[in-house]
Each structure stands twice: as C-alpha cells, then as structure tokens.
Amino acid sequence: MRTSTAFQWLSLVGIIWLQSINGTNTNFPAYSSQLKQLLSMSQFQLNNLAFASDAGKLFGFFSGMAAFHLPLWLVLMIGSTLGLIGYGVQYLFISNQISSLSYWHVFLLTVLAGNSICWINTVCYVITIRNFSSDHRQVAVGLTTSYQGLSAKIFTSIVDAVSLHKKAKTFLFLNSFLPLIVALIAAPVVREIEAVTTRPKHIMSVGFVVMFVITIATGIYAVMSSLEFVSSKISPLGSLIGMLVSLLFPLLVPLSMKINALVGSWHKNREKQRVYHFTSEESHDDEGRIENEVKEGEDSREVNQEVGIGIREEIGVKLMLRRIDFWLYFFVYLFGATLGLVFLNNLGQIAESRGYSRTSSLVSLSSSFGFFGRLMPSIVDYFYRGKCTISRPASMVALMAPTAGSFFLLLHNTNLALYVGTAIIGVCTGAITSISVSTTTELFGTKNFSVNHNVVVANIPVGSFLFGYLAAFVYHKGGHHEHGKCMGMECYRDTFIIWGSLCFFGTFLAFVLHVRTRKFYSYKL
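The structure reproduced in this document is the subject of the present report. Note that the structure is predicted; figures quoted are calculated from it, not measured.

1. Examining the overall build of the protein chain
Working step 1: Summing up its helical and strand segments, the protein chain has 23 helices and 2 strands in all.
Working step 2: In the protein chain, of all internal contacts separated by at least 6 residues, the share reaching a separation of at least 24 is 85%.
Working step 3: Of the roughly 22900 Å² of accessible surface on the protein chain, a fraction of 66% belongs to carbon and sulfur atoms.

Okay, structure coming up:
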C-alpha cells in the first residue's frame, strides 16, 4: 500500500525529467542565427523552420489515438525515436556527414522532430491524470508541465558548458539524443499505477508542499543564473551542475515516502506482537468492519471528488468541434499562448536586430520565467482555499492583458524594455499553457483528453505560420540590410503593434468565454 504511494511519486519525478527535456523547440532561438548563416537561408526560410517545428503539432492527434491502443511506454519510445531521427539527421547534415540534403528535407525533418514533442507530452499528461485522484490531478499536471519551461535553460546551460562556438551543431545533437536517453531512464517508472490506494490527506499534502518548495527553489536558481550580473560570476560548468542537481532533488519525495512506509511497517509488526486482548475471530470481525467503513468512506470521497472535479460533460472530438465554446477557446489560445510562443521563437532575430549580443542569456531568462508562469496556476490552486474561485477563462483574461501591454513595451529601444517585456511574455505564456490543460478537461472531459487537447493545440502551427510570416515580412521590408540582416527598431516595430492589438482582441474573447461558462464555474463552487 505504501510502496504504491512511493511509486506514484516516483512516476511524477520521471514525468518531471521528461518534461524538463521535452521542450526541444524552445531552444531554437538560441541557435537560429547561426543556423541561418550555416544554411545560407533568408529570414522567410528561417521562419519556415520555426513554423515546421510547430507544424508537427498538427499531427499530434496520432499520439492521442496511440495512447488508447498502445502501451504508454511504447508511445514514449516512439516519440523519442521521432526526435532522434528529426534532429539527428539535421545534425549529420550540419556536421558534413550527409551532403545531399535539401532545404525541404530539413523542413520535413523539423516537422517530424516537432511531432515527437506531442508523443512525450501525451504520455506525461495521461500518466499524471490516471495516477492522481481528482483533487490532486490538476495540481500534479501543472507542476510537471512547469518543468517544460526549463527546457531551453537546461539545453543552453549544457551548450554553454560544452561548446560556445558551434552552438547549432551542439543544440541539434542534444535535441536528438537527450530526450531518448531520459526516456530510457524514465520508462520503467513512468507508467500507470494499477491500484493507488487512498492515502491520508496530510501525506499527500506534505508531498506536494515539499515538491513545490523544491520546484520554486529550482525556478529561482534558474532565473538568477540567467541574469547577466550573476551569470558572469558563475562558470558555465558550475551553472550546469547546479541545474542538474536541482533536477535530482524531487527524488527526496518518493524516497521519504518509502522510508516512511518501512518505518510504519516496522511499528505495525511490533504492535501486532503486543496485542493479546482480542481473539483472532474478534480481531477479524473488527478488521472486516473497519475495512467496510473505510471502503464506504472512500466510495463517498470518490463521489465527492468526481463532483468537485468541475467537468461539465464528457464529449468526443466531433461534438467538441461543433461547440462555440471550443472555437472561442481555440482563438483565445491562438491570440494568447501561441502569439507568445511565436515571439519567443523569433527572440534570437529580435535581439540581433536591436544589437543585443547575449541571446543565450535572454533565451534562458524567457525559459526561466516561463517555468514560473507554468507553475503559478498550480500554486494558486493548491494553496488558495477561499470561497471565491476564479474561472480558467477569467484567468486567461488576467494573463493576456499584460501580454498585450508587453508587446507595446518592446517598442522602446532599451535593453531593460527587452528584458522586462520578454520576462512578462514568458510568465504569461507559460501560465496560459498550464491553465489550458485543466481548461480542456473542465470544458470537454478527461475521457477523450489525449485527442481533444491535441486538437486544441493545433492552433500553435496555424499561429506560427500566420504570425511568423507577418514578422518575416516586416523584417524583410524594414531597417538597413547588411548581408541579409535587418538592424534597427523598424525591423519589428509594426509587428509588435499588430501582435499587441491581436492579443487585446484575444483578451476580449477570453472574457466572452468566461461569461459563457460563468454559471458552470459557479455551480462548481
């Protein structure tokens, strides 16, 4: 009984490790400029590759269908193998091991690599949802999802410690092999627990509190080590070691659960030897009565939990596509999180056009703040016990407004504006991404989540194509061109204005969705 609880937390640690290295597309800005030079690409061609990475999500529903019919460990290995092929062949090409690879081959390989993220994500979401009860499910999903925001920071730390001059090659090599290695390590523990018994609330609470403390400390370290005045005083190897050690700390939770189980078992055996006041039949009757009472209590709690989960109804993808709430939600995500992701994909070119040379530091900063953004909803859900609960769409309203304002802040030609704007967009984009998981389950149910949510996030490649091409077009027209580069604020000025306006429109759509679902959330309370 206690062993299964320890394994339940161990599976969560495995998912944390998988999510930490699964954001391989988020480190693209750190080496995009170098890749552009190596392949002699135009800005439009570079934008095609950024879009290709997101376009893999268009086929994400295949991973959702596979999760219904295949063992989850096999789905995990398929995802990591797709990434190995997609990024690995590109690495061989960049390192001159393959000479006959056209630009469109690179494009298709990037699509394949982008699709691999969906497979690993699907396994992480499904395992977390199945292994935790309804009252802890959303917190566990948000906690593990937050670590994906650290991917760019982790990859950048490794590259800075290993190679400063051949970043594109090193990033592609890590993108291809690191997810596969971590998947092989995590596969034995990242699986569904067949029977996780109900544990006392205080045990689960202590576990989550410790996990939150470790996670927040990891995020603070990631942010501080990304700031220029701190990173200049720490060696790249020291920064990497600190990051890797912080990823091992979550093991303390399942380890403590196992130790607690062994100690409890030892005490129980001692108590059995001291008890002689009851006959074996009386003890058996008492135990049977207590067991029945516990089962009845657990059944009652399960009913209450299912009522409190906040699922309006269980619907499939066909019915979901006919709902106006889905399309409102789709465009809210498009003008919110997706727009933020497109900004982060273009962060390397944006920094270069403004004359800022420390692109890796900026990417690490956006990754670290994105981590905190993904974590925030879980912290609020877990620790806030007030009577008034804000709806998920209302949360998106509160997050999209500052995102829109940040795009207009970026119109100021200062490094401070670039840092602050990037940090705010990273936080809000991460938070919306985390909230979307619970929003999908609350609006459309958990039964078909693996397919439904992959359909929702299909807006990411759509937005990446539309907003990315808009940025590339403005980049091509504006500023002074030197060797195909655009330098100056004019390169992205109009883009920021359009993106900010679209984000404000998305804020309005989020408010409409909130009004439509307000009665549902009031009933939930």
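Let us keep going from here.
2. Things to note about the nonpolar core
Working step 1: Core analysis: the biggest nonpolar cluster contains 136 residues, and Leu-18, Phe-208, Phe-343 and Trp-499 have the highest contact counts within it.
Working step 2: At 13 residues, the largest contribution of residues to this core is made by helix 16 (residues 324-345).
Working step 3: Once residues lying within four places of it in the same chain are set aside, the contact partners of Trp-499 are Leu-339, Val-342, Phe-343, Asn-346, Phe-407, Phe-467, Leu-470 and Ala-471.
Working step 4: Counting residues in each nonpolar core, the second largest holds 5 residues, with Tyr-125, Ile-129, Val-141 and Val-437 among its members.

3. What about the pattern of salt bridges?
Working step 1: All chains considered together, the criterion is met by 2 salt bridges.
Working step 2: Here Asp-325 ties to Arg-516 by a salt bridge, and the two come within 2.5 Å at their closest N and O atoms. Here Arg-516 lies in helix 23 (residues 493-524) and Asp-325 lies in helix 16, a separation of 191 residues in the sequence.
Working step 3: Look at Asp-325 and you get buried, because its relative accessible area is 8%.
Working step 4: Residue classification places Arg-516 among the partly exposed positions, given a relative accessible area of 44%.

4. Structural notes on the packing of helix 5 (residues 72-94) against helix 6 (residues 103-131)
Working step 1: Between helix 5 and helix 6, whose axes approach to 8 Å, the crossing angle comes to 155 degrees. With respect to their mutual orientation, helix 5 and helix 6 come out roughly antiparallel. Between helix 5 and helix 6 the crossing geometry is left-handed.
Working step 2: Of the residues assigned to the contact of helix 5 with helix 6, the class counts are 18 nonpolar, 8 polar and 1 charged.

5. A short note on a nonpolar patch on the surface
Working step 1: A contiguous nonpolar patch, built from Leu-58, Phe-59, Phe-61, Phe-62, Met-65, Val-462, Phe-465 and Leu-466 and spanning about 690 Å² of accessible area, is present on the exposed surface.
Working step 2: At the level of elements, helix 4 (61-69) and helix 22 (459-477) are the ones that each hand at least two residues to the nonpolar patch.
Working step 3: Tracing the sequence through the fold places Leu-466 in helix 22.

6. Some remarks on the side chain of Ser-157
Working step 1: As for its position among the elements, Ser-157 is in helix 8 (residues 151-162).
Working step 2: Side-chain polar atoms of Ser-157 contact the backbone oxygen of Lys-153, separated by 2.8 Å.
Working step 3: Ignoring sequence-local partners within four residues, the contact set of Ser-157 consists of Pro-236, Ser-239 and Leu-240.

7. Considerations on the packing of helix 16 against helix 22
Any two packed helices are characterised by the angle at which their axes cross and by the distance between the axes.
Working step 1: Viewed as axis vectors pointing N to C, helix 16 and helix 22 meet at an angle of 60 degrees, and their least axial separation amounts to 9 Å. Considering their axes alone, helix 16 and helix 22 lie oblique with respect to each other. In the packing of helix 16 onto helix 22, the handedness of the crossing is right-handed. On helix 22, the residues that touch Phe-330, Tyr-333, Leu-334, Phe-335, Thr-338, Leu-339, Leu-341 and Val-342 of helix 16 are Asn-459, Ile-460, Gly-463, Ser-464, Phe-467 and Gly-468.
Working step 2: Class assignment of the residues belonging to the contact of helix 16 with helix 22 gives a composition of 9 nonpolar, 5 polar and no charged.

8. Considerations on the side chain of Asn-175
Working step 1: Checked against the element boundaries, Asn-175 lands in helix 9 (residues 167-186).
Working step 2: For Asn-175, a relative accessible area of 1% corresponds to the buried category.
Working step 3: Of the polar contacts made by the side chain of Asn-175, one reaches the side chain of Asn-27; its length is 3.0 Å.
Working step 4: Those residues in contact with Asn-175 that sit more than four places away from it in its chain are Thr-24, Asn-27, Tyr-31, Gly-83, Tyr-87 and Phe-155.

9. Looking at the packing of aromatic side chains
Working step 1: Applying the stated criterion across every chain, the model contains 30 aromatic pairs.
Working step 2: Each ring, one from Phe-326 and one from Phe-330, has its centre 5.8 Å from the other, and the planes form 45 degrees; the classification is tilted. A residue pair is termed a helical-turn pair when its members lie 3 or 4 positions apart in one helix, as Phe-326 and Phe-330 do in helix 16 at 4 residues.
Working step 3: For Phe-330, a relative accessible area of 10% translates into the label buried.
Working step 4: Ring centres 6.5 Å apart and planes at 35 degrees place the aromatic pair Tyr-329 and Phe-444 in the tilted group. Note that Tyr-329 is positioned in helix 16 and Phe-444 in helix 20 (residues 415-444), a separation of 115 residues in sequence. Residue Tyr-329 shares its accessibility class with Phe-444, and that shared class is buried.
Working step 5: Pairwise contacts between aromatic rings join Phe-326, Trp-327, Tyr-329, Phe-330, Phe-331, Phe-335, Phe-444, Phe-467 and Phe-505 into one cluster.

Cut-offs and rules
Residues numbered from 1 in each chain as written. Predicted model: local features only at pLDDT ≥ 70, side-chain atom pairs only at ≥ 80, totals over all residues. Heavy atoms only, no water. Helix = DSSP H or I, 4+ residues; strand = E, 2+ residues; numbered from the N terminus. Contact = heavy atoms within 4.5 Å. Areas by Shrake-Rupley, 256 points an atom, 1.4 Å probe, with all protein chains shown as cover. Core = buried A, V, L, I, M, F, W, Y, C linked by side-chain atoms within 4.5 Å. Buried < 20%, exposed > 50% of the residue type's maximum accessible area, 1.4 Å probe, protein only. Salt bridge = Lys/Arg side-chain N within 4 Å of Asp/Glu carboxyl O. Axes fitted to C-alpha atoms, helices over the stretch in contact; angles between N-to-C directions. Parallel < 35°, antiparallel > 145°, perpendicular 65-115°, else oblique. Left-handed = near helix turned anticlockwise from the far one by under 90°. Nonpolar A, V, L, I, M, F, W, Y, C, P; charged D, E, K, R; others polar. Patch = residues over 30% accessible without salt bridge, like charges linked within 9 Å, V, L, I, M, F, W, Y side chains within 5 Å. Polar contact = N/O pair within 3.5 Å; in protein donor to acceptor, adjacent residues only side chain to side chain. Phe/Tyr/Trp six-rings, centres within 6.5 Å; stacked < 30°, edge-to-face > 60°.

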